Amino acid sequence: MSFQLNTLPSNDGFRMPAEFETQDGVWMAWPERSDNWRYGAKPAQRAFVEVASAIAQTTPVTMVVSNGQYANARRQLPPQIRVVEMTTDDAWLRDTGPSYVVNDKGERRGVDWQFNAWGGLTNGLYFPWHNDNALAQKVCEIYGDSLYKAPFVMEGGAIHVDGQGTLFTTEECLLSPGRNPGLGKEQLEQLLKDYLGVEKVVWLPRGVFQDETTGHVDNLMQVVAPGVVAMTWCDDPEDEQYESSQEAYRILSETVDARGRQLVVHKLPMPGPLYLTDEEASGIDASHGMNRLGGARLAGSYANFLITNKQVVFPLLDPAKDAQVAALLGEIFPGYLITGVNAREILLGGGNIHCITQQIPRV
């Protein structure tokens, strides 16, 4: 039975666990928007099937699907992947699903953020977004998990935690005018501490260049282990990503986490740079919020990977660098299954593997 709670997770002794902790499942949502995914989302659907199948090697997967796409999704997905009918506005379940918190008594609760399509009427990507904003509660209902309704706009992709008191985010995202214009940095930091049970917030200035989410941290970096992170690296001073990567590396290298550890920072090479082709753009319906024009720089990043039950599922984005990144991840995650999935179709929609997945922690 699911209950909406009026207390604060931190006061109740709850914390958000790290992604490398044990998981009960991973949730995804089926893509179908023709103004975001080319050719009626058919190529994207094949990519989502590949991602779901990869995750299912180690973790049960649930795919959220609209009524009209249910039969199509069920036919394409392997039988071990659970298909649940829900109404969505798009397929970014990292941002629309619940962020989970746990306590040391073996209890799990969801945090339901306010979602406004990454910027509302100021600079959001689509309207309406009410179906996406209702999704987190529905996921909690299915598990019978109680939930906290957070009173501010946030997305799961805007944060990373180490499960031991440290949270990472970007100023570009959380302080953007379309999210919480009435809240300052100190107020937002306190809300993050209240709702996720963290003690220290590490603010990075910017995310990946041209990221439509206004700089989600999960496209820039990932928390590998306590005191260890991996991030998108660019060492070409002529590239637009250069300054953002340099300043993030400097801050992370100089940061002490909530437990007093100096961070170890691994550099993941940036793919490309990658660009939307005219042919790809021609298959996307025109819309007001999402400008999909040939020649546009894509916010490609190998850091946009999912950690799930001793497996890393990462995006294959650049044939010149994919093998190098696979080897690097193998070194960073000894003993893990490293699985690469062709993810350009997901990138064309504005995100990647971490953005389309949301883990449910095991308790």
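Structure shown above.
Residues numbered from 1 in each chain as written. Predicted model: local features only at pLDDT ≥ 70, side-chain atom pairs only at ≥ 80, totals over all residues. Heavy atoms only, no water.

Chemist: Where do I start with the overall build of the protein chain in this structure?
Modeler: A count of helices and strands for the protein chain gives twelve helices and 17 strands. The C-alpha radius of gyration of the protein chain comes to 19 Å, within 12% of the 21 Å expected for a compact globule of 363 residues. Principal-axis analysis of the C-alpha atoms gives the protein chain an extent of 50 × 50 × 45 Å. When burial is assessed residue by residue, the protein chain has 60% of its 363 residues classed as buried. Long-range pairs, those at least 24 residues apart, make up 74% of the contacts in the protein chain with a sequence separation of at least 6. Accessible surface for the protein chain amounts to roughly 13,800 Å². Of this, 49% is attributable to carbon and sulfur atoms. (Helix = DSSP H or I, 4+ residues; strand = E, 2+ residues; numbered from the N terminus. Rg over C-alpha atoms; globule rule 2.2 N^0.38 Å. Buried < 20%, exposed > 50% of the residue type's maximum accessible area, 1.4 Å probe, protein only. Contact = heavy atoms within 4.5 Å. Areas by Shrake-Rupley, 256 points an atom, 1.4 Å probe, with all protein chains shown as cover.)

Chemist: Quick question: what am I supposed to make of the state of the cysteines here?
Modeler: By definition, a disulfide links the sulfur atoms of two cysteine residues through a covalent bond. For the structure on display, the rule yields zero disulfides. Cysteine Cys 234 shares no disulfide, and the gap to the nearest cysteine sulfur, in Cys 355, comes to 19 Å. (Disulfide = S-S within 2.5 Å.)

Chemist: What should I look at first to understand the sheet that holds strand E7 (residues 147-153) in this one?
Modeler: Hydrogen bonds between backbone groups are what pair the strands of a sheet, and the pairing can be parallel or antiparallel. Taken in spatial order, the four strands make up an open sheet running E1-E7-E6-E5, and their pairing is mixed. Each end of this open sheet is capped by a strand with a single partner; those strands are strand E1 (4-5) and strand E5 (99-102). Note: E1 against E7, two bridges, orientation parallel. Its bridge partner being in E7, Leu 5 is matched across the sheet by Tyr 148. Seen against the sheet, helix H8 (residues 185-196) touches E5, strand E6 (108-114) and E7 and runs at an angle of roughly 170 degrees to E7. (Pairing = 2+ DSSP bridges. Axes fitted to C-alpha atoms, helices over the stretch in contact; angles between N-to-C directions.)

Chemist: What is the right way to look at the sheet that holds strand E14 (residues 306-307) in this model?
Modeler: If you walk across this open sheet you meet the three strands as E14-E15-E16, and the pairing is mixed. If you trace the sheet from one side to the other, it starts and ends with E14 and strand E16 (337-342), each paired once. Sheet topology note: the strand E15 (residues 311-316)/E16 ladder contains six bridges and is parallel. When the bridges of E16 are listed, Val 312 appears paired with Ile 338. Relative to the sheet, helix H1 (residues 42-55) contacts E14, E15 and E16, its axis offset from that of E16 by approximately 170 degrees.

Chemist: I would appreciate a short explanation of the nonpolar core in the present structure.
Modeler: What tends to happen in soluble globular proteins is that the nonpolar side chains get buried as a cluster. Of all hydrophobic cores here, the largest spans 71 residues; its most connected members are Met 28, Leu 77, Phe 333 and Ile 346. The element contributing the most residues to this core is H1, with eight residues. Excluding residues within four positions of it along the chain, Leu 77 makes contact with Trp 30, Val 49, Ala 52, Met 63 and Val 83. Counting residues in hydrophobic clusters, the runner-up holds 23 residues, among them Phe 14, Tyr 148, Leu 192 and Tyr 195. (Core = buried A, V, L, I, M, F, W, Y, C linked by side-chain atoms within 4.5 Å.)

Chemist: Before we go on, may I ask you to explain the pattern of salt bridges in this structure?
Modeler: For side chains bearing opposite charge, pairing can occur when the charged atoms are close. Using the criterion set out here, one finds 20 salt bridges in the structure. When the shortest N-O distance is used, the salt bridge between Arg 108 and Asp 24 registers 3.1 Å. Taken as a pair, Arg 108 in strand E6 and Asp 24 in strand E2 (residues 23-29) lie far apart in primary sequence, 84 residues in all. Accessibility expressed as a relative area gives 12% for Arg 108, which makes it buried. By relative accessible area, which is 30% here, Asp 24 ends up partly exposed. Its salt-bridge partner being Glu 279, residue Arg 38 comes within 3.4 Å of it at the nearest N-O pair. Of the two residues, Arg 38 sits in the loop between E2 and H1 while Glu 279 sits in helix H10 (residues 278-282), which places them 241 residues apart along the sequence. (Salt bridge = Lys/Arg side-chain N within 4 Å of Asp/Glu carboxyl O.)

Chemist: For this particular structure, what's the right way to read the packing of aromatic side chains?
Modeler: Within a pair of aromatic rings, the relevant descriptors are the distance that separates the centres and the angle that separates the planes. Taken as a whole and assessed by the stated rule, the structure comprises twelve aromatic pairs. Ring plane angle 90 degrees and centroid distance 5.1 Å describe the contact between Phe 115 and Trp 118, whose orientation is recorded as edge-to-face. Trp 118 matches Phe 115 in its accessibility class, with the two residues each being buried. Ring pairing ties together the aromatic residues Trp 37, Phe 48 and Trp 92, which thus form one cluster. Directly above the aromatic system of Tyr 100 lies the positively charged group of Arg 108, at a separation of 5.5 Å from the ring centroid. Looking at Arg 108, its charged tip hangs above the ring of Tyr 143, at a distance of 4.9 Å from the centre. (Phe/Tyr/Trp six-rings, centres within 6.5 Å; stacked < 30°, edge-to-face > 60°. Lys NZ or Arg CZ within 6 Å of the ring centre and 35° of its normal.)

Chemist: Quick question: what am I supposed to make of helix H6 (residues 135-143) here?
Modeler: Quick reminder: α-helices carry 3.6 residues per turn. Residues three or four places apart thus point the same way. Restricting attention to buried positions, one finds in H6 the residues Leu 135, Ala 136, Val 139 and Cys 140. Down the axis of H6, the buried side of the element spans an arc of 140 degrees, and every buried residue falls inside it. Positive phi appears at Gly 144, one or two residues downstream of H6, with a value of about 75 degrees. (Arc of directions from axis to C-beta.)

Chemist: What exactly am I supposed to notice about unusual backbone geometry here?
Modeler: When glycine is set aside, most residues are seen to have a negative phi, and most peptide bonds are trans. Looking along the chain, the bond that leaves Phe 127 and enters Pro 128 is cis, with omega of 0 degrees. Mapping Pro 128 onto the fold places it in the loop between helix H4 (120-123) and helix H5 (130-133). Cis geometry is adopted by the peptide bond preceding Pro 273, which originates at Gly 272 and carries an omega value of 15 degrees. You can see Pro 273 is positioned in the loop between strand E13 (264-269) and H10. Phi is positive for Ala 41, which is not a glycine, with a value near 70 degrees. For Ala 41, the position within the fold is in the loop between E2 and H1. Despite not being glycine, Trp 118 has its phi angle at roughly 65 degrees, a positive value. Structurally, the position occupied by Trp 118 is in the loop between E6 and H4. Note on Trp 118: relative accessible area 3%, which makes it buried.

Any functional reading would require information that these geometric values do not contain.
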